Amino acid sequence: MAMIANAKVQTLPEPWSGEIHSGKHQLMTDKPESFGGQDKGLAPYDLLCSALISCTMITLRMYAQHKGIELGEFTVEADFSANKEGQEWIDRRVSFLHPLSDELNQKVLDICQKTPVTKTLLRSVEINTTVV
């Protein structure tokens with residue numbers, strides 16, 4: 001078994017606000033004002049989308065470097081959505097500054113489905129919780 005990541009959040013005095021620490025990095029989490037928060041940081045589903053898009057960007061760049069392909073500048077965006085029936089889904093968009101060939105576009109789509117975070121989100125993840 002190998003630990004892949006670790007993070008800790010410490011509550012702050014303001015409702016819903018917390019400071020996340022992961023390694024030497026820190027960031028704020030909060031809820032928007034419309035939910036009673038201060039909007040000082042990313043909300044939990046924003047963090048989930050951020051994990052997916054950052055993994056997508058890194059994986060695409062690693063693939064391109066390994067294959068000697070020039071992708072140029074690009075952005076990755078994601079929206080997390082849910083409906084009244086309880087269905088949840090993520091729409092992910094990859095946009096390149098310079099158009100890619102049809103063949104490379106298809107390869108990008110294939111690679112996006114194989115990123116580590118994508119694979120994690122697509123399968124069931126066991127979450128074990130303890131109070132210490």
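Computed from a prediction, not measured in an experiment: that's the story for all the values here.

## So, the sheet that holds strand β3 (residues 25-29)
Taken together, 3 strands build an open sheet; the order of strands is β1-β2-β3 and the sheet is antiparallel. Each edge of the open sheet is held by one strand with a lone partner, namely β1 (8-11) and β3. Across the sheet, the mean angle separating the axes of adjacent strands is 25 degrees when strand polarity is ignored. In this sheet, β3 lies alongside strand β2 (residues 18-22) in antiparallel orientation, the contact comprising 5 bridges. Counted as the bridge partner of isoleucine 20 is leucine 27 from β3.

## Some remarks on the nonpolar core
Listed in full, the 11 residues of the largest apolar core are Leu60, Ala64, Leu71, Phe74, Val76, Phe96, Leu100, Leu104, Val108, Ile111 and Cys112. Listing elements by their share of this core, those giving two or more residues are α1 (44-67), β4 (74-82) and α2 (102-112). Filtering out sequence-adjacent residues up to four positions away, alanine 64 remains in contact with Ile69 and Leu71.

## Digging into the side chain of threonine 115
Here threonine 115 lies in the loop between α2 and α3 (116-122). Here the side chain of threonine 115 touches threonine 118 through a polar contact of 2.6 Å, side chain to side chain. If we ignore the near neighbours within four places in the chain, the residues touching threonine 115 are Cys55, Thr56, Thr59 and Arg92.

## Some details on α2
When we look at burial in α2, the residues that qualify are Leu104, Val108, Ile111 and Cys112. Seen end-on, α2 carries its buried residues on one side only, within an arc spanning 100 degrees. Facing away from the buried side of α2 by over 90 degrees, the exposed positions are Asp102, Glu103 and Leu109. Residues of α2 that are buried make contact with α1, β5 (88-96) and α3.

## What about the domain arrangement of the protein chain?
Think of interface size as the accessible area that goes away when the parts come together; that is how it is often given. According to the domain assignment, the protein chain contains domain 1 (1-42) and domain 2 (44-131). Distance between the C-alpha centres of domain 1 and domain 2: 22 Å. Facing the 6 residues of domain 1 at the interface are 4 residues of domain 2. Taken together, both faces of the contact between domain 1 and domain 2 bury some 340 Å²; the carbon and sulfur share is 77%. Among the residues of domain 1 in contact with domain 2, Thr29, Lys31 and Leu42 are the three that bury the most area, contributing 80% of the side total. Where domain 1 meets domain 2, there are 0 salt bridges. At the surface where domain 1 touches domain 2, the tally comes to 0 residue pairs in polar contact (both at pLDDT 80 or more). Of the residues belonging to the side of domain 1 that touches domain 2, the class tally is 3 nonpolar, 1 polar and 2 charged.

Rules behind the numbers
- Residues numbered from 1 in each chain as written.
- Predicted model: local features only at pLDDT ≥ 70, side-chain atom pairs only at ≥ 80, totals over all residues.
- Heavy atoms only, no water.
- Pairing = 2+ DSSP bridges.
- Helix = DSSP H or I, 4+ residues; strand = E, 2+ residues; numbered from the N terminus.
- Axes fitted to C-alpha atoms, helices over the stretch in contact; angles between N-to-C directions.
- Core = buried A, V, L, I, M, F, W, Y, C linked by side-chain atoms within 4.5 Å.
- Buried < 20%, exposed > 50% of the residue type's maximum accessible area, 1.4 Å probe, protein only.
- Contact = heavy atoms within 4.5 Å.
- Polar contact = N/O pair within 3.5 Å; in protein donor to acceptor, adjacent residues only side chain to side chain.
- Arc of directions from axis to C-beta.
- Domains from an automatic or database assignment.
- Buried area = accessible area lost by both parts, 1.4 Å probe.
- Salt bridge = Lys/Arg side-chain N within 4 Å of Asp/Glu carboxyl O.
- Nonpolar A, V, L, I, M, F, W, Y, C, P; charged D, E, K, R; others polar.

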